[in-house]
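Summary of the model geometry
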Amino acid sequence: SYHSISNGEIWSLPTMRNMGKLIENEEVSKVARIILVLQMLMCIVVGMMIEYMGGAMSKLSSLGSSIGFESSHQKKSNMSVQMLHAFDQPSVSKRNIIEEIVPDSLKPQCDLEFLQFNVTKSMLKKSRPVIGNSQRLHIFLKKLHSKQCTSVLFMGGSVTAGHNSRGRLNASFPKFFMDWLNERYPCENADRTRGSHLTKRTQQNNAQTHFVSWSQISQIETLDLVIMEFNVNDSFIDKMPHAMEDKGPEGSTKDYISVWYNEILLRRLLLMRKPDPVAIVTFNADYIGRTWAPKSIGDPEKYRKTLFRRNQEPLKFWLSSLYEIPMFSASVWMLPLAGKKGADWQFNKTNPYSSINFHADRCCHPHREGHLILSLVLVYCLVQEEKNLLSFHREDTLDVEQDFTANPDPTLRDPIYLSEDEEALYVRHDSNSKLIDFTDPSAEKEWNKHVVQNDGWTWFADNREKDKFGLIANNVTGGQHISLEVTGGKLGLVELSYVISYENFGVALSWVDDSRDGGTHRPKCKNEIWEREGLIRLGGVEYLFGSWDEKASVPMVTILKNRVEEGGKGYLHICLTPHSTHRQGNENKFKLLGVRLY
């Protein structure tokens with residue numbers, strides 16, 4: 001009977017019958033029978049109480065469900081439903097994140113009204129798609145902890161420059177990030193006075209032009225962190241004239257061209273010592289919005305036939321993974337968030353996450369509020385890496401996991417896309433090249449040494465922000481001519497970089513000879529060019545097309561068929577041809593960015 005009661009069989013008929021038989025048994029003493037009767041009564045009373053309490057609990061449970069309380073059993077049964085609808089619940093407030101990672105002095109400019117939408121911790125956790133090897137980042141963080149003043153180089157295009165952000169550089173993510181760095185990690189000069197972490201910038205805007213104008217980076221004396229932001233601009237690189245072998249069918253695609261130039265930059269940065277190994281981060285800050293637009297305002301048929309819809313993030317992910325470069329990304333979660341309810345919703349102003357609310361124009365270029373979000377991504381990822389550093393134990397890793405590229409004698413993996421000749425020329429011995437750079441605001445005196453004749457070309461910055469310099473000719477009648485004295489490099493190659501745009505840009509001619517004034521080719525500068533594009537070379541003169549149909553202004557690089565032998569002297573001529581009525585715009589401009597000989 002005790003066994004039956006202990007197993008929950010208080011009200012079972014077999015239990016009660018067994019107890020009744022014991023009571024009727026004459027061999028059982030009177031005292032024992034009295035005890036059994038009392039036990040039987042106790043079982044009945046206890047059973048009634050349990051039934052009453054069970055009914056009461058059932059009613060209480062029903063009442064609890066109606067007012068928002070659940071039993072543990074109900075919680076388990078409803079857990080999957082709760083998980084499915086978790087995104088409908090109020091998320092972590094913007095204030096919580098700002099309180100955690102932003103110093104008090106900067107919180108006013110990060111107030112609720114200045115963020116485009118509620119940036120949650122779950123969003124920011126997605127901002128590190130490639131962890132990579134953090135050894136170099138740890139070196140940088142240790143410098144910050146020791147109050148050492150550092151230099152941060154931002155390699156990027158118009159997004160990095162804050163184009164269309166209502167305040168440009170003062171409203172861009174590099175400005176916010178550097179303000180944060182100086183407030184969170186105050187540094188000291190050699191004399192123990194308050195110092196500051198310094199921002200370094202180039203005048204280039206994609207992987208190809210940074211490759212061409214590498215001297216702007218190599219000449220920086222000290223450098224601790226490099227943030228590479230090419231996710232938008234690399235999709236506009238159209239040609240790869242620097243390849244030293246036939247790359248096959250894939251070599252003509254924008255995606256291949258992008259990874260080829262980016263691999264060179266990564267390998268150069270990994271070998272660089274300024275004076276320590278430089279921490280490197282690839283940062284995917286933005287995406288091209290119009291490639292995702294619905295049919296009512298865009299061309300979805302055109303862009304769905306491209307591999308990544310002009311988005312370079314998968315390519316950056318691929319390279320960063322193989323080279324173990326940490327990747328921080330805003331676009332990795334912002335792009336899916338914007339379009340998760342369809343293309344129409346992605347371009348609806350009532351959607352706070354929409355592309356048109358994030359972008360200031362049809363291409364890209366975040367508003368000031370968007371740049372604050374980009375800053376939060378950088379800050380969050382660096383703070384998380386700092387937490388990893390503080391909890392790091394050497395025994396957590398194997399020897400093979402160390403960063404061999406940071407050793408005194410660095411070891412790099414074999415190139416993925418570069419031939420042996422390309423590796424030797426562009427990575428290991430690039431200092432042999434000579435650059436005449438018209439984009440550097442401080443280089444006028446240096447490049448002027450090469451000018452032997454100038455008729456109508458002017459050096460200035462023609463953009464609204466007055467920071468994109470170049471040598472410019474602009475005249476509808478054409479004929480403007482410039483002659484540069486050049487010395488041949490090891491391979492005898494002559495490379496020109498210039499701007500192409502969709503309106504107001506024309507066609508220039510270029511050739512190399514031994515005359516200072518252009519010789520017999522110069523009269524051709526007055527001939528109108530009807531061709532719209534292509535690689536055209538007639539009678540030793542090459543056509544440089546400054547216009548194209550894409551609604552963007554980007555650099556173009558070409559290598560001339562004309563050669564200048566190693567150590568030899570020659571004169572490089574460039575002239576503007578007359579305006580043609582079949583080109584967009586009423587102006588006739590050509591903007592030269594640089595000349596490189598190698």
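About the thresholds
- Residues numbered from 1 in each chain as written.
- Predicted model: local features only at pLDDT ≥ 70, side-chain atom pairs only at ≥ 80, totals over all residues.
- Heavy atoms only, no water.
- Helix = DSSP H or I, 4+ residues; strand = E, 2+ residues; numbered from the N terminus.
- Buried < 20%, exposed > 50% of the residue type's maximum accessible area, 1.4 Å probe, protein only.
- Contact = heavy atoms within 4.5 Å.
- Salt bridge = Lys/Arg side-chain N within 4 Å of Asp/Glu carboxyl O.
- Phe/Tyr/Trp six-rings, centres within 6.5 Å; stacked < 30°, edge-to-face > 60°.
- Pairing = 2+ DSSP bridges.
- Axes fitted to C-alpha atoms, helices over the stretch in contact; angles between N-to-C directions.
- Disulfide = S-S within 2.5 Å.
- Parallel < 35°, antiparallel > 145°, perpendicular 65-115°, else oblique.
- Left-handed = near helix turned anticlockwise from the far one by under 90°.
- Nonpolar A, V, L, I, M, F, W, Y, C, P; charged D, E, K, R; others polar.
- Patch = residues over 30% accessible without salt bridge, like charges linked within 9 Å, V, L, I, M, F, W, Y side chains within 5 Å.
- Areas by Shrake-Rupley, 256 points an atom, 1.4 Å probe, with all protein chains shown as cover.

A separate point is the overall build of the chain. Across its full length, the chain carries 19 helices and 17 strands. Residues classed as buried in the chain amount to 50% of the 598 residues present. A separation threshold of at least 6 residues defines the contact pool for the chain, and within that pool the share at least 24 residues apart is 77%.

Turning our attention to the pattern of salt bridges. Close approach of charged atoms allows side chains of opposite charge to pair. Taken as a whole and assessed by the stated rule, the structure comprises 25 salt bridges. Note that Glu99 is salt-bridged to Lys107, the shortest N-O span being 3.0 Å. We classify Glu99 as partly exposed; its relative accessible area is 45%. For Lys107, a relative accessible area of 12% gives the class buried. One salt bridge in this structure joins Lys589 and Asp462, with 3.3 Å as the shortest N-O distance. You can see Lys589 sitting in strand S17 (residues 589-597) and its partner Asp462 sitting in the loop between strand S8 (458-461) and strand S9 (469-474), a full 127 residues away along the chain.

Tallying each qualifying case throughout the model produces 21 aromatic pairs. Ring centres of Phe117 and Trp333 lie 6.3 Å apart, and the angle between their planes is 90°; this geometry places the pair in the edge-to-face category. With a gap of 216 residues between them, Phe117 in the loop between helix H5 (94-101) and helix H6 (121-125) and Trp333 in helix H14 (residues 331-339) connect regions that are remote in the sequence. Neither Phe117 nor Trp333 differs from the other in exposure class; each is buried. Both rings, one in Tyr426 and one in Tyr598, keep their centres 6.1 Å apart while their planes meet at 70°; by these two values the pair is edge-to-face.

This part is about the sheet that holds strand S5 (residues 327-329). Read across the sheet, five strands follow the order S2-S1-S3-S4-S5 without closing on themselves; strand pairing throughout is parallel. In the strand order of this sheet, the two ends are held by strand S2 (198-201) and S5, each with one partner. Here the average twist between neighbouring strands, direction ignored, is 25°. The sheet contact formed by strand S3 (residues 225-229) and strand S4 (residues 279-284) spans four bridges and is parallel. Its bridge partner being in S4, Ile227 is matched across the sheet by Val281. On top of the sheet, helix H11 (residues 254-271) reaches strand S1 (151-156), S3 and S4; it is set at about 175° to S3, its chief contact. Seen against the sheet, helix H13 (residues 313-322) touches S4 and S5 and runs at an angle of roughly 160° to S5.

It is worth spelling out the state of the cysteines at this point. Summed over all chains, the structure comprises three disulfides. Shown here is the disulfide that connects Cys149 with Cys187, its sulfur atoms set 2.1 Å apart. Between Cys149 and Cys187 the disulfide shows an S-S torsion of about 90°. By sign, it is right-handed. Of this pair, Cys149 sits in the loop between helix H7 (135-145) and S1 while Cys187 sits in the loop between helix H8 (173-184) and S2; the two residues are 38 residues apart in sequence, bridging distant segments of the chain. For Cys149, a relative accessible area of 22% puts it in the partly exposed group. Owing to a relative accessible area of 1%, Cys187 belongs among the buried residues under this scheme.

Attention shifts here to the sheet that holds strand S16 (residues 569-576). With respect to topology, six strands assemble into an open sheet ordered S7-S10-S16-S12-S14-S13, the strand pairing being antiparallel. Taken across any chain shown, the strands that pair with only one partner, and hence form the sheet edges, are strand S7 (451-455) and strand S13 (537-538). Strand direction decides the pairing type here: strand S12 (residues 507-513) and S16, joined by six bridges, are antiparallel. Along S16, the bridge assignment pairs Val512 with Leu572.

This paragraph deals with the packing of H8 against helix H17 (residues 368-390). Running from N to C, H8 and H17 point in directions that differ by 40°, and their axes come no closer than 8 Å. The orientation of H8 with respect to H17, classified from their angle, is oblique. The element H8 and its partner H17 pack so that their crossing is right-handed. In contact with Phe173, Phe176, Phe177, Trp180, Leu181 and Arg184 of H8, H17 contributes Arg368, His371, Leu372, Leu374, Ser375, Leu378, Val379, Leu382, Val383 and Glu386. Looking at side-chain class alone, the contact of H8 with H17 contains 11 nonpolar, two polar and three charged residues.

Time to look at the side chain of Ser151. Mapping Ser151 onto the fold places it in strand S1. In contact with Ser151, not counting residues within four places along its chain, are Leu198, Lys200, Thr222, Leu223, Asp224 and Leu225.

Before going further, it helps to spend a moment on a nonpolar patch on the surface. A surface patch of nonpolar side chains, amounting to about 310 Å² of accessible area, comprises Ile34, Leu38 and Leu41. Inspection of the secondary structure puts Leu41 in helix H3 (residues 30-67).

Another point: unusual backbone geometry. A cis amide bond, omega -5°, links Lys274 with the succeeding residue Pro275. Here Pro275 shows up in the loop between H11 and S4. Positive phi, normally seen in glycine, also occurs at Asn504, with a value near 70°.

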